[in-house]
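Per-entry structural report
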Amino acid sequence: MTRSAQWTRRSHRIGALGAGAVLALGACSASGSDSVSGTGGEGVSGTVTVFAAASLKESFTELGERLEKEHPGTRVTFNFSGSDALAAGIANGAPADVFAAASTKTMKLVTDHGLTEGSPSTFARNRLEIATAPGNPHGIDSLRDLTAPGLKVVLCDTTVPCGAAARSALTAGGVELSPASYEQDVKSALTKVRLKEADAAVVYRTDVRAAGDKVEGVEFSESAEAVNDYPIARLDDAPNPEAAKAFVKLVTSPEGREVLGAAGFLAP
Amino acid sequence: MSTQAARKPRVRAPGPGVPLALLLPALLGLAFLLVPLLALLLRAPWRSLPEQLTSPEVWEALRLSLLCATTATALSLVVGVPLAWLLARTDFPGRGLVRALVTLPLVLPPVVGGVALLLALGRNGVVGQWLDAWFGITLPFTTAGVVLAETFVAMPFLVISVEGTLRAADPRYEEAAATLGASRFTAFRRVTLPLVAPGIAAGAVLAWARALGEFGATITFAGNFPGRTQTMPLAVYLALQNDPAAAIALSLVLLAVSVAVLAGLRDRWMRAV
């Protein structure tokens, strides 16, 4: 609780600051020549708060910057965390405009409370990969190789989408694995491999790609059994519905797909 | 904090003379501390509670929490009391700096402590790589790792508390022991220790309570595995994600244990403080 509450509060405060700055800017421009509202398309401005799965960090940050460039006066603030922590935050009244989850199950936690505007749409899919140290020193080639004695493997906790997906892949492959730890989100699982504390982690292929040459990805056939759908939705009581609409539109557009594809996501 | 032990301030009965300017913020502060705990009790899933609490995972996490917090306190006592003595009774260059460094974990976010521990004692860490190479010891993802993370965060509480008591205690008793032929260590063992025992007990309770609630350093350094490194705070955090009722039930257990232990110790040890 503490962590998500803290983040929520912080993003809230940043949101308030941003809104203040935008108001001030608006006052300045209004005193100039003509009113600028309307030039940037359907009155998109102000701060839009996006709660997004940790695995979306790189691609959504990029898309947020593009939206800010497209609609001057708009600020996109993000709260990246485990999807379930975000869903719990939204269900408890965290102020957000958009929610993008790493699984339909976590999105359902929010739609079940009737908190979304319209039904969520799937905008990307993600596959699992095994992350190892550069050069794959333990010669890991398959999911079964992870059960080698003495090998330290970390998984995401089963309450988090990447953990649930890893669990289905292990079940599909009939592999019994006792990990060293169930990490609270995909980035902390990856960090354990980057710091060489763990020999391998089952994470998303997008995370492997985002880590660059710090880790090496190993594809495995069972990952086909555990492909995650990423749904996105606007929230019912979004403080900034226009900007929320614009962000969702950008994410689901061909441009958005291109950015997501470059990060390693599969098309929906 | 423990200088009070020496001075024994006279407590005045709160009478009609309490100024409103002090009373109102005081009551506000009290309410602020108590309302969240009350909310926990109000929203507790009392009906499903017996079922929630009889699950083996809860007891496993509780057992691990108590074991690790107690071991961490013991470890803190073994090295923390001598450290407090060194700070209070000896004079060496840079003592002020050492004292400041000792208190650093008090203000450091525990997650930062966890990262620092990984970089120091991790399998690839500054010290950890030699532990691994020479003794085959790796600490992350082990119960020993939990104990170390908790000790790192909790020991400063003990050191500060004991140091304060030592400073307040009269050094002339030790000097008298020395003139009677006792070595400095004998004087410490036979005179100083009994003299500051209440302060040590109070510090140990503080450290134990801090260790029991430790989350950030633990999950960062020791990871999360039921029965091995998943202590109660970790279990609460992860349960909150998809089963808030279970999280509240776990929180109640932790709350009850903390209250019981603090109340029990207050009567036995802390009366003298």
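Residues numbered from 1 in each chain as written. Chains lettered and ligands numbered in written order. Predicted model: local features only at pLDDT ≥ 70, side-chain atom pairs only at ≥ 80, totals over all residues. Heavy atoms only, no water.

To continue, consider the overall build of chain B. Looking only at helices and strands, chain B has 13 helices and zero strands in total. Going residue by residue from the N terminus, the α and β elements of chain B occur as α-α-α-α-α-α-α-α-α-α-α-α-α. Along the first, second and third principal axes, the C-alpha set of chain B runs to 70 × 65 × 30 Å. A buried classification covers 40% of the 273 residues belonging to chain B. Contacts in chain B between residues far apart in sequence, at least 24 positions, make up 73% of those at least 6 positions apart. Surface exposure of chain B reaches about 15200 Å², of which carbon and sulfur atoms provide 70%. In chain B, 21 side chains carry a positive charge and 13 a negative one; their mean positions are 10 Å apart. (Helix = DSSP H or I, 4+ residues; strand = E, 2+ residues; numbered from the N terminus. Buried < 20%, exposed > 50% of the residue type's maximum accessible area, 1.4 Å probe, protein only. Contact = heavy atoms within 4.5 Å. Areas by Shrake-Rupley, 256 points an atom, 1.4 Å probe, with all protein chains shown as cover. Lys, Arg positive; Asp, Glu negative; His and termini not counted. Charge placed at Lys NZ, Arg CZ, Asp CG, Glu CD.)

Now for the domain arrangement of chain A. All names here are of chain A. As assigned here, chain A comprises domain 1 (7-23 + 42-125 + 229-262) and domain 2 (128-226). Here domain 1 and domain 2 have C-alpha centroids that lie 27 Å from each other. Facing the twelve residues of domain 1 at the interface are eleven residues of domain 2. Carbon and sulfur atoms make up 55% of the surface buried where domain 1 meets domain 2, a total of about 790 Å² over both sides. Counting across the interface, domain 1 meets domain 2 through one salt bridge. (Domains from an automatic or database assignment. Buried area = accessible area lost by both parts, 1.4 Å probe. Salt bridge = Lys/Arg side-chain N within 4 Å of Asp/Glu carboxyl O.)

Quick look at the pairing of strand β8 (residues 200-204) of chain A now. All names here are of chain A. Extensive coverage of β8 is indicated by the burial of five of its five residues. Here strand β5 (residues 128-132) pairs with β8 via five bridges, running antiparallel. Directly across from Leu128, in β8, lies its bridge partner Tyr204. As judged from the two bridges shared by strand β6 (residues 153-156) and β8, these two strands associate in the parallel manner. Note that in β8 the partner of Val153 across the bridge is Ala200. (Pairing = 2+ DSSP bridges.)

What follows concerns the pattern of salt bridges. Residue and element names in this part refer to chain A. A complete count under the given rule lists 13 salt bridges over all chains for this structure. Linking Arg66 and Glu62 is a salt bridge whose minimum nitrogen-to-oxygen distance equals 2.9 Å. Note that Arg66 and Glu62 are positioned in helix α2 (residues 57-70) at a spacing of four residues, about one turn of the helix. Connected via shared salt-bridge partners are Glu58, Lys187 and Asp207.

Residue and element names in this part refer to chain A. Summed over all chains, the structure comprises one disulfide over all chains. One disulfide bridge connects Cys156 with Cys162, the sulfur atoms lying 1.9 Å from each other. Handedness here is read from the sign of the S-S torsion; for Cys156 and Cys162, about -105°, the answer is left-handed. A relative accessible area of 1% means that Cys156 is categorised as buried. (Disulfide = S-S within 2.5 Å.)

The next thing to look at is the interface of chain A and chain B. In this assembly, 23 residues from chain A lie in contact with 20 residues from chain B. Between chain A and chain B, roughly 2100 Å² of surface is buried when both sides are summed, and carbon and sulfur atoms account for 55% of that area. Linking chain A with chain B are one salt bridge, by the criterion used here. Of the charged contacts in the structure, one is a salt bridge between Asp199 of chain A and Arg123 of chain B, with a shortest N-O distance of 2.8 Å.

Attention shifts here to the packing of helix α8 (residues 241-252) of chain A against helix α9 (residues 254-262) of chain A. All names here are of chain A. Between α8 and α9, the least distance of the axes is 4 Å, while the angle of their chain directions is 65°. Contact residues: α8 offers Leu250, Val251 and Thr252, while α9 offers Pro254, Glu255, Gly256, Arg257 and Leu260. When its residues are assigned to classes, the contact of α8 with α9 shows four nonpolar, two polar and two charged. (Axes fitted to C-alpha atoms, helices over the stretch in contact; angles between N-to-C directions. Nonpolar A, V, L, I, M, F, W, Y, C, P; charged D, E, K, R; others polar.)

This next bit is on the sheet that holds strand β7 (residues 181-183) of chain A. Residues and elements named next belong to chain A. Spatially, five strands are ordered β7-β6-β8-β5-β9 in an open sheet, and the strand pairing comes out mixed. Each having just a single partner strand, β7 and β9 (216-218) make up the two edges of the open sheet. Strand-to-strand twist in this sheet, taken as the mean axis angle between neighbours without regard to direction, amounts to 35°. Against the sheet, helix α5 (residues 161-173) contacts β5, β6, β7 and β8, and its axis sits at roughly 115° relative to β6. Seen against the sheet, helix α6 (residues 186-194) touches β5, β6, β7 and β8 and runs at an angle of roughly 145° to β8.

Moving on, we come to the sheet that holds strand β2 (residues 74-81) of chain A. Residue and element names in this part refer to chain A. Overall, mixed pairing links the five strands, which are arranged β2-β1-β3-β10-β4 in an open sheet. Every interior strand has two partners, whereas the edge strands, β2 and β4 (116-126), have only one. Put simply, the sheet's adjacent strands are angled 20° from each other on average, direction ignored. The pairing of β4 with strand β10 (residues 228-235) spans seven bridges and is classified as antiparallel. Within the sheet, the bridge partner assigned to Glu117 lies in β10 and is Arg234. Where helix α3 (residues 83-91) meets the sheet, its contacts fall on β1 (46-53), β2, β3 (98-100) and β10, and the angle it forms with β1 comes to roughly 130°.

Per the counting criterion, the structure on display carries 14 aromatic pairs over all chains. Aromatic rings pair up to connect Phe60, Phe78, Phe80, Phe123, Tyr204, Tyr230, Phe247 and Phe265 of chain A into one cluster. Seen from the ring of Phe225 of chain B, Arg228 of chain B lies directly overhead, with NZ or CZ sitting 4.1 Å from the centre. (Phe/Tyr/Trp six-rings, centres within 6.5 Å; stacked < 30°, edge-to-face > 60°. Lys NZ or Arg CZ within 6 Å of the ring centre and 35° of its normal.)

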